[in-house]
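Now for the letters of each chain:
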Amino acid sequence: MRRLPFRRLVSLATLAVVGVATLGTTAACGDDTDDAAGKSGPVTLRLGYFPNITHAPAVVGVEKGIFAEKLGSGVTLETKTFNAGPAAIEAIFSGALDATYIGPNPTVNAFSKSKGEAVRVVSGAASGGVALVVKPEITTVEQLRGKKIATPQLGNTQDVALRYWLKEKGLKTTKEGGGDVKVVPQENAQTVDTFASGAIDGAWVPEPYVSRLVNAGGKVLVDERDLWPDKKFVITNLIVSTKFLKAHPDVVKKLVEGQVAANEFVNSKPDEAQQAVSAHIGKITGKPLDVKLIKQAWPTLEFTNDPIASSLKTGLDHAVAVELTQPVDLNGLYDLKFLNEVLKAQGEPEVTQP
């Protein structure tokens, strides 16, 4: 897995499938003798994630017991699910959460609001899975003039990506929904209905909503992967509370081992991983996600341990360019020591520390 220079991000996939759910407490049950209990006594790790495809490593890691195995018998794993980044970050800030899978935009916000103190990125998880889907009669950028295009939320990763792309094409937008192209922030689930009804002309969204809009008669005008070097940009990374990282570095390393193992499972057993994602989301929401939809969306994603730090930095630069945020010094955001130790032990290429 190759590192790009430290450059950009645009993609919080708020592909959230639904509301905050809590999956009880899972006691880790591995037979690892070098567990956290031997170093710091019994520890509880509270891990957050979203029940969606872009968080497949987390979903599969929990569903298949991979995290529990890697954490060992001295660590109790508690999992909580969220449907939006801000809620997960608030849980980190309040001390209710120790680590979470999350998109790049809330990662930057958490780091910025805490003046670089609250969180660290310890691993990547996924790249890609975002596109601009439009009505089939729209074939050029210029035809977007005067049209209504949805994004998940004002200032979120996809919103920034759309506004910056339009700016580069010479089309203006405003925070209030004016300009050459009217950007309409709305929940992803609502977007499928508004697109089908004709209330909007397209949407810049993450999977599985890209596939849902295509199935509703839309077509992909822009695959966001095509806008990035090597077609890679962070959609999901793993962050930990700095406080927890300092108190329990041994547990964080085991969590990273679980992340790497989960990605190995996802990449080596895609069919089984897709079934696990469907089943796990069903346990949380009461309705399994259609496996056919998961299979349709899967090829647009790359599950990688590289956090692609350059894309997060570039995404921040884009947000500044469209006047949705202020510049942020990201020095110190990444702590990839444990990730590289795990990768090296497995004979895999290490990730460049930004």
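About the criteria used
Residues numbered from 1 in each chain as written. Predicted model: local features only at pLDDT ≥ 70, side-chain atom pairs only at ≥ 80, totals over all residues. Heavy atoms only, no water. Pairing = 2+ DSSP bridges. Helix = DSSP H or I, 4+ residues; strand = E, 2+ residues; numbered from the N terminus. Axes fitted to C-alpha atoms, helices over the stretch in contact; angles between N-to-C directions. Contact = heavy atoms within 4.5 Å. Buried < 20%, exposed > 50% of the residue type's maximum accessible area, 1.4 Å probe, protein only. Parallel < 35°, antiparallel > 145°, perpendicular 65-115°, else oblique. Left-handed = near helix turned anticlockwise from the far one by under 90°. Nonpolar A, V, L, I, M, F, W, Y, C, P; charged D, E, K, R; others polar. Salt bridge = Lys/Arg side-chain N within 4 Å of Asp/Glu carboxyl O. Core = buried A, V, L, I, M, F, W, Y, C linked by side-chain atoms within 4.5 Å. pLDDT = per-residue confidence, 0-100.

S.K.: Explain the sheet that holds strand β6 (residues 130-134) to me, please; I cannot follow it from the model alone.
M.R.: Pairing between the strands of a sheet is mediated by backbone hydrogen bonds and can be parallel or antiparallel. Taking strand neighbours across the sheet as the criterion, the five strands line up as β8-β7-β9-β6-β10 in an open arrangement whose pairing is mixed. This sheet does not close on itself; its edge strands, each paired only once, are β8 (182-185) and β10 (219-223). Neighbouring strand axes in the sheet, compared pairwise and without regard to direction, differ in orientation by 25° on average. With four bridges connecting them, strand β7 (residues 148-151) and β8 associate as parallel partners. Following the sheet pairing, alanine 150 is matched in β8 by valine 184. Against the sheet, helix α6 (residues 157-168) makes contact with β6, β7, β8, β9 (202-206) and β10, and its axis sits at roughly 130° relative to β9, the strand it touches most. Relative to β9, helix α7 (residues 188-197) is tilted by about 150°, and along the sheet it contacts β6, β7 and β9.

S.K.: Before we go on, may I ask you to explain unusual backbone geometry in this structure?
M.R.: Generally, phi is negative for residues other than glycine and the peptide bonds are trans, each holding for most cases. Following glutamate 207, the chain continues to proline 208 via a peptide bond in cis, the omega torsion being 5°. Locating proline 208 in the fold gives a position in the loop between β9 and α8 (209-215). Not every positive phi belongs to a glycine, and lysine 115 is a case in point at roughly 55°. Following the sequence through the fold, lysine 115 ends up in the loop between α5 (104-113) and β5 (119-128). For aspartate 230, which is not a glycine, the phi torsion comes out positive at approximately 60°.

S.K.: What's the story with α7 in this structure? I'm lost.
M.R.: Residues spaced three or four apart along an α-helix point in a common direction, a consequence of the helix completing one turn every 3.6 residues. For α7, the set of buried residues is Asn188, Thr191, Val192, Thr194 and Phe195. Phi turns positive one or two residues past the end of α7, at glycine 198, with a value near 90°.

S.K.: I keep staring at the pairing of strand β3 (residues 75-81) and nothing clicks. Help me out?
M.R.: Sheet faces and side chains relate simply in a regular strand, where the side chains alternate between the two faces. Side chains of β3 alternate between two faces, with Val75, Leu77, Thr79 and Thr81 buried and Thr76, Glu78 and Lys80 left unburied. Across seven bridges, the pairing between strand β2 (residues 43-49) and β3 is parallel. Opposite tyrosine 49, over in β3, you have threonine 81 as the bridge partner.

S.K.: Mind showing me how you'd approach the packing of helix α10 (residues 249-268) against helix α14 (residues 337-345) here?
M.R.: Packed helices, taken two at a time, are described by the angle between their axes plus the distance between the axes. Following both chains from N to C, one finds α10 and α14 inclined at 55°, their axes separated by 9 Å at the closest point. It follows that α10 is oblique to α14 by the angle criterion. Our pair here, α10 against α14, has a crossing hand that is right-handed. Contact residues: α10 offers Pro249, Val252, Lys253, Val256, Glu257 and Val260, while α14 offers Phe338, Leu339, Glu341, Val342 and Leu343. Partitioned by chemical class, the residues of the contact of α10 with α14 number eight nonpolar, no polar and three charged.

S.K.: For this particular structure, what's the right way to read helix α2 (residues 56-63)?
M.R.: Within α2, seven of the eight residues are buried, leaving the element largely enclosed by the surrounding structure. Directly after α2, the chain includes glycine 65, whose backbone phi takes a positive value near 75°.

S.K.: Would you take a moment to explain the pattern of salt bridges for this structure?
M.R.: Close approach of charged atoms lets side chains of opposite charge pair. Applying the stated rule across the entire model yields 13 salt bridges. Connected via shared salt-bridge partners are Glu142, Arg145 and Asp180.

S.K.: How should the nonpolar core be read in this particular structure?
M.R.: Grouped together as the largest cluster of nonpolar side chains are 92 residues, with contacts concentrated most on Leu45, Leu144, Leu255 and Trp298. Per element, the largest residue contribution to this core is eight residues, and it comes from α10. Discounting residues that sit within four places of it in the chain, tryptophan 298 has contacts with Ile53, Ala56, Val266, Pro270, Ala273, Gln274, Val277 and Phe303. Core analysis: the second largest hydrophobic core is formed by eleven residues, Val192, Ile200, Ala203 and Leu213 among them.

S.K.: Just checking my understanding: could you explain the packing of α10 against helix α11 (residues 270-285) for this structure?
M.R.: One can describe the packing of α10 onto α11 by two numbers: an axis separation of 5 Å at closest approach and a directional angle of 110°. By the angle class used here, α10 and α11 are roughly perpendicular. Contacts between α10 and α11 involve Phe265, Val266, Asn267 and Ser268 from the former and Pro270, Glu272 and Ala273 from the latter. Among the residues making up the contact of α10 with α11, the classes are represented as four nonpolar, two polar and one charged.

S.K.: What is the right way to look at the confidence of the model for the chain in this model?
M.R.: On average, residues of the chain carry a pLDDT of 89, and 88% of them reach 70 or more. A low-confidence stretch, residues 1-40 stays under pLDDT 50, and its non-local contacts, those more than four residues away or across chains, total 168 contacts.

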